[in-house]
Amino acid sequence: MDDDLRLTVEVARGDLVHRLESLSGPKHLLVEQCLLRPLDKVASMSLLAKHGCARVFTISKDGSLPSSELDGSGRATRVFLMRGSLPNARLLAAFLRSDESTPAAVIWVDRRLPMADRELERAGVYGALDQSALALPLLPIEADLFSLELPQSRRSDYYSVAQSLFQLQSLYGQFPTIYGVGEASEHVWKMLKVLYSDRGEPRALADQPISHLFLLDRNLDPASVLMTGLTYESMLHDAFRIRCGKVQFGSEVEERLRASLKEAKEEGAAAAAAKSNKSSIVALDNNDGVFASVRNLHMTAVFPWLSAKAREIQASYDKGAQLDALADVKAFVSGELKTLKTRHRQLETHICACEVLMERSGSASASERLALEHGLVAGQADMNQVLEFLEDSMLAEQSPWQVLALACLASLASSGLPQKIFTSFRESFLHAYGFETLPILHALCARRLLFVKPSPLLAKLEGAAAAGGKSAGAGGDAGQLLSALPAAAAAASSALSGGSPTAGAAASGVPSLQFMVKRMGLVPSAQQGTVNLRQPDRMSYVFSGAFAPPLCTLIADTMVRGWNNAETERTFGRAFAESHTMTPAERRPDSRMRKAIMAFFVGGVTYAEVAALRWLAAQNNFRILIGATHI
């Protein structure tokens, strides 16, 4: 696996070049904003220029085009690179109607959708442009981390997931063994079978690098998304948003960097640091030696490591300053000084970022939030105390998404909020953030992330409605009464608490949080003691030892004991195992094979789970590749 599965990017690059070369003359590329960084992974600006793209423009999030710049860019072909969607089709149709004389083309990313064709046809511009499609592959964010960079709203786009996995097998050989849990994983597996029948089943290769594929449904474990990850990379993402392996630090970090420049003693070091601060976008990968060393560490271990590294670099500078012999000075300048300056610059950046993170996480509000999160997953939190904290957060005008995350976690942890607490929270939230957020609350209720704890009356109504539906079709007074209930109460009526695997979400077949915690031992017992956060011995260190990610725990159990489909179904509701070799699927993976396991999260993965899987791989001498629709 020396190329780290980068053949997928080479194929996409060749496909993009072919699309551009098929259009004659100079071209101006108009790229949807969410595709800028994924495009950078596939093709550089110099490559685009080499194949006729004179200029590249950005289509903003609101769909507006840089019209003033386009007006002066000549009559070159306008090539739109955008994801297939109805709003984008309408934007394209509006542009074509406003400028009929300029030739235009569109490259739909992922695939060309029939609804986009119908919209263009309805607008009367269907034949006015050249259309093609470009399937983005699994983009290598890191040597062990791959992402489709799909928008988070497209959680049901199983075709793009199946297409990327099919391409991976076409290049590197068929996966010998596939495990899956959850409804979304089943849909992806069925779609893969359709692609096998249409395009032919990929060949099995003797040197195929991946021995096992885990398809993991994000809907089975929303709690890991709602909790605060406490590894350095996870906290960086929460504070500054890492997108496609790059981050744009805020003003707090940049101001600290500027202050450190003024205090720099050497003009050369200050000039180098000033040069590095011209661009506020920083690549976060293993090429940054400092980041590679601390990215998966718990925050309590990051600052001591950075301090020790700072002393080490300062000692190296002092050693160079004490050299007297000219030959030694030349050797130091040519061999060590450049590396020292690079490490010093990287270290300075991460120290400033770490200071900002420590200040935020060290506040009384952040500490109280973590205590509530840990109490919720352990089943020990007081709901009135949670409501009080949420109201204080709303009064302090904190991020609405942070408020909703804790409210949803409380709802999942207790199989629904009490009616009084739910009503009070909803009213306070709407008053704090505006009634335009009402659709968000409704969507969370519909997905059973934020719902009311069912009362015995609602349970009886549900049973009566079910009985009435069986005996009299869709009619019956009980069924009409249940359908007349508010959406939140109707959703909650199916979320019956109890000891069954689907408690808390009976209609959707998703296991309740309490059930998984008890069955999988996700919360440490008193006998297990606390986790050593600086040298962790359990993957739960990513949440300060309070909670182990369930999907990562499933992989860990399989690596130790093998796959038991019946037991997995009893835990997660749905599971399957497929084997394309003579080796039984139940046999546990063998690290001596020196092949990788791929864990693919259908619906996205968190950086806390990425750190947990990296810890698991290091502990068991495995290589685990992590794929996801987005991070």
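Note that the coordinates shown come from a computational prediction; the quantities given were computed from them, not determined experimentally.

### Section: the sheet that holds strand S3 (residues 77-83)
- With respect to topology, five strands assemble into an open sheet ordered S2-S1-S3-S4-S5, the strand pairing being parallel. Among the strands making up the open sheet, the edge pair consists of strand S2 (53-59) and strand S5 (129-134). Adjacent strand axes in the sheet meet at a mean angle of 20°, parallel and antiparallel pairs treated alike.
- Where S3 meets strand S4 (residues 104-109), six bridges bridge the pair, whose relative direction is parallel.

### Thoughts on helix H8 (residues 183-199)
- Compared with an ideal rise of 1.5 Å per residue, which puts 17 residues at 24 Å, H8 spans 24 Å between its outermost C-alpha atoms and is within 8% of the ideal.
- Listed as buried for H8 are Ala-184, Ser-185, Val-188, Trp-189, Leu-192, Leu-195 and Tyr-196. Down the axis of H8, the buried set is contained in an arc of 135°. They therefore lie on one face. Looking at H8, the residues exposed on the side facing more than 90 degrees away from the buried face are Lys-190, Ser-197 and Asp-198.
- Taken together, the buried residues of H8 touch helix H7 (158-172), strand S8 (177-181), strand S9 (210-217), strand S12 (575-579) and strand S13 (596-602).
- Directly after H8, the chain includes Gly-200, whose backbone phi takes a positive value near 100°.

### Remarks on the sheet that holds strand S7 (residues 145-147)
- A sheet is described by the order of its strands in space; here seven strands give the open sequence S6-S7-S14-S13-S9-S8-S12, paired in mixed fashion. Lying at the two open borders of the sheet, with one neighbouring strand each, are strand S6 (139-142) and S12. Each strand axis lies, on average, 20° off the axis of its neighbour in the sheet, ignoring direction.
- One ladder, built from three bridges, connects S7 with strand S14 (residues 623-628); its direction is parallel. Opposite Leu-145, over in S14, you have Ile-626 as the bridge partner.
- Strands in contact with H7 are S9 and S13; relative to S13, the strand with the most contacts, it is inclined by about 165°.

### Structural notes on the packing of aromatic side chains
- In this structure the tally under the stated criterion is twelve aromatic pairs.
- Between Trp-189 and Phe-576, the aromatic rings sit 6.2 Å apart at their centres with planes inclined by 15°, giving stacked as the arrangement. Here the residue Trp-189 occupies a position in helix H8, and Phe-576 occupies one in strand S12, the gap between them amounting to 387 residues. Across this residue pair, the class does not change: Trp-189 and Phe-576 are buried.
- Pairwise contacts between aromatic rings join Phe-166, Trp-189, Tyr-196 and Phe-576 into one cluster.

### Points about helix H19 (residues 419-433)
- Here H19 is 15 residues long and its end C-alpha atoms lie 21 Å apart, about the 21 Å a rise of 1.5 Å per residue gives.
- Taken together, the buried positions of H19 are Ile-421, Phe-422, Phe-425, Phe-429, Leu-430 and Tyr-433. For H19, the buried positions fall inside an angular range of 155° around the axis, keeping them on one side. For H19, the exposed residues set more than 90 degrees away from the buried face come down to Lys-420 and His-431.
- Positive backbone phi, approximately 95°, marks Gly-434, located one or two places after H19.

### Some remarks on the pattern of salt bridges
- For the coordinates displayed, the defined rule picks out 22 salt bridges.
- What emerges from the salt-bridge pattern is a single network uniting Glu-142, Asp-144, Glu-233, Arg-295 and Arg-614.

### So, the pairing of S13
- Most of S13 sits out of view: seven of its seven residues are buried.
- Of the two faces of S13, the one carrying Ala-596, Met-598, Phe-600 and Val-602 and the one carrying Ile-597, Ala-599 and Phe-601 are both buried.
- Bridge count for S9 against S13 is seven bridges, and the pairing is parallel. Opposite Phe-214, over in S13, you have Ala-599 as the bridge partner.

### A closer look at the packing of H7 against H8
- With their axes 9 Å apart at the nearest point, H7 and H8 run at an angle of 55° to one another. With respect to each other, H7 and H8 are oriented oblique. Seen along the crossing, H7 lies across H8 with a hand that is right-handed. Of the residues in H8, those in contact with Tyr-158, Tyr-159, Val-161, Ala-162, Gln-163, Leu-165, Phe-166 and Gln-169 of H7 are Ala-184, His-187, Val-188, Met-191, Leu-192, Leu-195, Tyr-196 and Arg-199.
- Grouping the constituent residues of the contact of H7 with H8 by class yields twelve nonpolar, three polar and one charged.

### Observations concerning the nonpolar core
- Tyr-232, Leu-236 and Phe-425 are the most contacted members of the largest nonpolar core, which has 133 residues in total.
- The element best represented in this core is helix H18 (residues 400-413), accounting for ten residues.
- In contact with Leu-236, other than residues within four places in its own chain, are Arg-241, Ile-242, Phe-249, Leu-284, Phe-291, Ala-353 and Leu-357.

### Some thoughts on the packing of helix H17 (residues 383-395) against H19
- Contact geometry for H17 and H19: axes closest at 10 Å, N-to-C directions at 5°. In this view, H17 runs roughly parallel relative to H19, as classed from their interaxial angle. Every residue of H19 that contacts H17 at Met-383, Asn-384, Leu-387, Leu-390, Glu-391, Ser-393 and Met-394 is listed here: Ile-421, Ser-424, Phe-425, Ser-428, Phe-429, Ala-432 and Tyr-433.

### Digging into the environment of Gly-604
- Assignment of secondary structure puts Gly-604 in the loop between S13 and helix H27 (607-620).
- Relative accessible area serves as the criterion here: at 4%, Gly-604 is assigned to the buried category.
- Along the chain, Gly-604 and Arg-218 lie 386 residues apart, while their C-alpha atoms are 6.5 Å from each other.
- In this structure, Gly-604 is in contact with Arg-218, Ala-628, Thr-629 and His-630, ignoring residues within four places of it in sequence.

### Observations concerning the environment of Asn-565
- Relative to the helices and strands, Asn-565 is located in helix H26 (residues 565-572).
- Along the primary structure Asn-565 and Val-181 are separated by 384 residues, whereas in three dimensions their C-alpha atoms are 9.6 Å apart.
- Ignoring sequence-local partners within four residues, the contact set of Asn-565 consists of Ala-575, Phe-576 and Ala-577.

Analysis parameters
Residues numbered from 1 in each chain as written. Predicted model: local features only at pLDDT ≥ 70, side-chain atom pairs only at ≥ 80, totals over all residues. Heavy atoms only, no water. Pairing = 2+ DSSP bridges. Helix = DSSP H or I, 4+ residues; strand = E, 2+ residues; numbered from the N terminus. Axes fitted to C-alpha atoms, helices over the stretch in contact; angles between N-to-C directions. Expected span 1.5 Å × (residues − 1). Buried < 20%, exposed > 50% of the residue type's maximum accessible area, 1.4 Å probe, protein only. Arc of directions from axis to C-beta. Contact = heavy atoms within 4.5 Å. Phe/Tyr/Trp six-rings, centres within 6.5 Å; stacked < 30°, edge-to-face > 60°. Salt bridge = Lys/Arg side-chain N within 4 Å of Asp/Glu carboxyl O. Parallel < 35°, antiparallel > 145°, perpendicular 65-115°, else oblique. Left-handed = near helix turned anticlockwise from the far one by under 90°. Nonpolar A, V, L, I, M, F, W, Y, C, P; charged D, E, K, R; others polar. Core = buried A, V, L, I, M, F, W, Y, C linked by side-chain atoms within 4.5 Å.

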